[in-house]
Structures are given as C-alpha cells and as structure tokens.
Amino acid sequence: MTVTNPESVRRVACVGAGVIGGGWVAHFLARGYDVTAWDPAPDAEQRLRRLVEAAWPALTQLGLAEGASQERLTVAATLEEAVADAQFVQESAPEKLELKRELLAKLDAAAPAGVVIASSTSGYPMTDMQTEAATPGRLVVGHPFNPPYLIPLVEVVGGERTDADAVAWASRFYEIAGKSVITMKSEVPGFIANRLQEALWREALHMVANGEATVQEIDDSITEGPGLRWAFMGPMLTFALAGGEGGMAHMLDHFGPSLKSPWTRLEAPELDKKLYDAVVAGCDQEANGRTIADLVAERDQGVIDVLRATGRLPRQTTADTEGTA
C-alpha cells in the first residue's frame, strides 16, 4: 500500500513541534533524514530550533548518522506544505481526542497517497482517532517516550480500520530509524509502558497526599532502588530472580499471597489544590535551584551513561572524549 519502502525513506514530516514533536524532529535529523516540521504556534520555529540545538550534544554522543545535520530541518508555513512530499508523517499534537481526530483527517487528506501517518498519542486508541479520516488504513500509533531522541522505545499498534501492512511498515521504519520497537497485537488504552508507569505514578500521588512520603523520598526510592535494575532488566525477570534457583515459580509461591496485601491503591487520588501544591513544591525543592535546561541536560547525560554502561552504546574512548571537549 505504500509508495516508499521503509529503507528508502529520506524525508519525514513532523506535525506538532512541542516537547514530543520536537524530540522526534531531533531524532530524525540525527538519523540523517530531511525533516519538514509544522506547528501552528507563532513562536514554534524558534522553540523547535532551540530544542534541537539543546539535544544535539546528547545526539552526538549517541552517534550521528552519516549526513546528519540540523541544517536539514525545514519549518513549513502550512500543514499541507509540511506533508506535501513526505514519505512518513509523525503527528504529535496535544492530547485532545477531537483535535487528534480532526488533525489526522487533515493529514490523511493532504499527505501523498499510501504514506503511513503515525500518532504520538500517549493513550488514545487509534480506533477512536481515525473516525474522520477518508483512508484510515494508513493511520497507526507510534507512541514514543520522552525525550524521543534519547529513549529508544516506541510502541506501534493499529486501530480497527488500520491495514496490517501499515503497522508492519511503521514498525520496520522505526527500527531502521534506530528505535526499539514493540508491535502490539491489540489496542490497550495507554499501551504497555504508560499503563505500568501510570500505576507507579498513582501510588506515588497517594503517598504524597496522605503524608506517607515526600516527593524526594519517592524519587530516591526508585533511583536508589528498583530503577537501577529496571535500566537493564524488566520487572518480570527481576522478580523471577527473587525466587532464587526456583525462579518465577518459587517467587509466585512464596510472594503470591502478598498480592492480597493492601500495598497499592490503583484508584487515582483526587488531585485537589493541596496535593497539586505539594507535588509542585516538592519538585521545586528537589531541583534545588537547577533550571529545566539544567535538569534536561542532566537527564540526557544520565540516560546515555546508563545505555553505555549496560552495553547498548559503545563506550567512549579517550580520543572520543578529547574530540568533544
């Protein structure tokens, strides 16, 4: 159904240039693609170019593809201009269902026939978003994690009216573009990783709301505890090791009864002003004077260090370090 093979894609359109859309732009530029972006905000181009420039040092450490350059970014004046000659389209508009429906329908009408259009939605099923598109078969979800230029994961899934070929095409394209792809067999609201992340987030909010833990304690409990394991081994395999030589079977036999213990409250707490203020103040206190830009740079370097330490990136040599000084 597609005009271009995934291996032959050279031009990508990114519609929506906020944190996620801008992160996608940076990623595709670093992988050597020509990128055309569009966003309706009046200051979108300036913000986008600042984001890409800020991401470039991390992308340089990750390893730029041959020909990768920030100069290969074009910011279009209209949506139609942005996708006119696109070979793949990544939509990253705000998470509002009616907006997604309307925008995907416009993209479907404007993009060349057969070109796959992917949405960065963090939770909406494509079935709910493709309702107004004339050719919904080419619409898929391509859900990244922030920042898309740094976190490898992308979850791919189609809707009820999506062609299987479009899902396969998108998954293959993302792999070629350097992503770690999970192709989901069926739609689940929130997909896989967000559902797991959301469960942790809800419990954290409950503990802050009830005065059981501070924002700092919650973050420390992950970065100094299970987060160190999760960087290279997921929760399932981690728990299997808790069973010793008996593996997961022994773990379930031994710890299974604790599933009945009141350890978690998956219902979301009421996000009232008191909880809202407590979470915001706790994050400000934890930042301890560091700006958002400071924290972004710290996060990016931390992820790169973990990827390198766990063998998913080449280790830097002395010559590499001297070359980037």
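Parameters and conventions
- Residues numbered from 1 in each chain as written.
- Predicted model: local features only at pLDDT ≥ 70, side-chain atom pairs only at ≥ 80, totals over all residues.
- Heavy atoms only, no water.
- UniProt positions renumbered as here; feature names shortened; annotations may be inferred.
- Helix = DSSP H or I, 4+ residues; strand = E, 2+ residues; numbered from the N terminus.
- Expected span 1.5 Å × (residues − 1).
- Bend = angle between axes of the 7 residues up to and from the residue.
- Contact = heavy atoms within 4.5 Å.
- Axes fitted to C-alpha atoms, helices over the stretch in contact; angles between N-to-C directions.
- Parallel < 35°, antiparallel > 145°, perpendicular 65-115°, else oblique.
- Nonpolar A, V, L, I, M, F, W, Y, C, P; charged D, E, K, R; others polar.
- Salt bridge = Lys/Arg side-chain N within 4 Å of Asp/Glu carboxyl O.
- Buried < 20%, exposed > 50% of the residue type's maximum accessible area, 1.4 Å probe, protein only.
- Pairing = 2+ DSSP bridges.
- Phe/Tyr/Trp six-rings, centres within 6.5 Å; stacked < 30°, edge-to-face > 60°.
- Lys NZ or Arg CZ within 6 Å of the ring centre and 35° of its normal.
- Polar contact = N/O pair within 3.5 Å; in protein donor to acceptor, adjacent residues only side chain to side chain.
- Lys, Arg positive; Asp, Glu negative; His and termini not counted.

Going by an unreviewed UniProt entry, the protein carries the name L-carnitine dehydrogenase and comes from Streptomyces lasiicapitis. Taken verbatim from the UniProt record of the protein, the Function (unreviewed entry) comment is "Catalyzes the NAD(+)-dependent oxidation of L-carnitine to 3-dehydrocarnitine." Listed under Subcellular location (unreviewed entry) in UniProt, the entry text for the protein is "Cytoplasm".

A few points about helix α2 (residues 44–62)
For α2, spanning 19 residues, the distance from its first C-alpha to its last is 26 Å, which sits close to the expected 27 Å at 1.5 Å a residue. W56 marks the point of greatest bend in α2, at about 40°, and the proline P57 comes within the next four residues. Elements in contact with the buried residues of α2: α1 (19–30), β2 (34–38), β3 (73–75) and α13 (292–309).

Let's talk about the packing of α2 against α13
Each pair of packed helices can be described by the angle between their axes along with the distance between the axes. Two elements in contact, α2 and α13, have axes whose closest approach is 10 Å; the angle formed by their N-to-C orientations is 10°. Taken together, the axis directions place α2 and α13 in an arrangement best described as roughly parallel. Across from A58, Q61 and L62 in α2, the residues of α13 making contact are D300, Q301, I304, L307 and R308. Each residue belonging to the contact of α2 with α13 can be placed in one class, and the counts come to 4 nonpolar, 2 polar and 2 charged.

Here we look at the pattern of salt bridges
As a working rule, side chains carrying opposite charge can pair if their charged atoms are close by. Counted under the stated rule, the structure contains 15 salt bridges. Across the pair K100 and E91 runs a salt bridge whose closest N-O atoms are separated by 2.6 Å. When its relative accessible area of 0% is taken as the criterion, E91 is described as buried. Between R172 and E175 there is a salt bridge; the shortest N-O distance is 3.6 Å. Remark: E175 and R172 occur in helix α6 (residues 164–176); sequence separation between them is 3 residues, near one turn of the helix. For R172, a relative accessible area of 37% puts it in the partly exposed group. On the accessibility criterion, E175 (41% relative accessible area) is partly exposed. In this structure, a network of salt bridges that share partners links the residues E7, R172 and E175.

Thoughts on the sheet that holds β2
Spatially, β3-β2-β1-β4-β5-β6-β7-β8 is the arrangement adopted by the 8 strands of the open sheet, whose pairing is mixed. The two strands at the open ends of the sheet, each matched to only one other strand, are β3 and β8 (180–183). With direction set aside, neighbouring strand axes in the sheet form an average angle of 25°. Here β2 pairs with β3 via 3 bridges, running parallel.

Re the packing of aromatic side chains
Inspection of the entire model under this criterion finds 11 aromatic pairs. Taken together, a centroid distance of 6.3 Å and an interplanar angle of 70° make the contact between F28 and F88 edge-to-face. Of this pair, F28 sits in helix α1 while F88 sits in strand β4 (residues 88–91), and the two are 60 residues apart along the sequence. Of the two residues, F28 and F88, both sit in the buried class. Geometrically, the ring pair formed by F88 and F173 is tilted, given 4.5 Å between the ring centres and 40° between the ring planes. You can see F88 sitting in strand β4 and its partner F173 sitting in helix α6, a full 85 residues away along the chain. A residue is classified by how much of its surface remains accessible, and F173, at 0% relative accessible area, is buried. Taken together through their ring pairs, the aromatic side chains of W24, F28, Y33, F88, W169, F173 and Y174 make up a single cluster. Residue placement shows K179 over the ring face of W24; its charged tip is 5.2 Å from the ring centre.

What about the environment of V115?
Note that V115 resides in the loop between α4 (97–110) and β5 (117–119). Look at V115 and you get buried, because its relative accessible area is 5%. Along the sequence, V115 and F88 sit 27 residues apart, while their C-alpha atoms lie 5.8 Å from each other. Dropping the residues within four chain positions of it, V115 is found in contact with A86, Q87, F88, V89 and R138.

Some points on the side chain of N194
Positionally, N194 belongs in helix α7 (residues 193–209). Here S122 takes part through its backbone oxygen, which lies 2.7 Å from a polar atom of the side chain of N194.

With respect to the packing of α7 against helix α12 (residues 273–287)
For the pair α7 and α12, interaxial distance at closest approach is 10 Å and the crossing angle is 105°. Looking at the two axes, α7 sits roughly perpendicular to α12. Within the contact between the two elements, α7 uses W201, L205, V208 and A209 and α12 uses L275, A278 and V279. Here the residues of the contact of α7 with α12 sort into 7 nonpolar, no polar and no charged.

Quick word on the side chain of E155
Structurally, E155 is set in strand β7 (residues 153–158). Within the buried set, E155 has no salt-bridge partner at all; the shortest N-O distance to an opposite charge, 9.4 Å, is to R195. Only 2.7 Å separates the side chain of E155 from the side chain of H143, close enough to count as a polar contact. At 3.2 Å, the side chain of E155 and the backbone nitrogen of I192 are in polar contact. Sequence-distant contacts of E155, that is, excluding residues within four places in its chain, are made with V141, G142, H143, F145, I182, M184, F191, I192 and A193.

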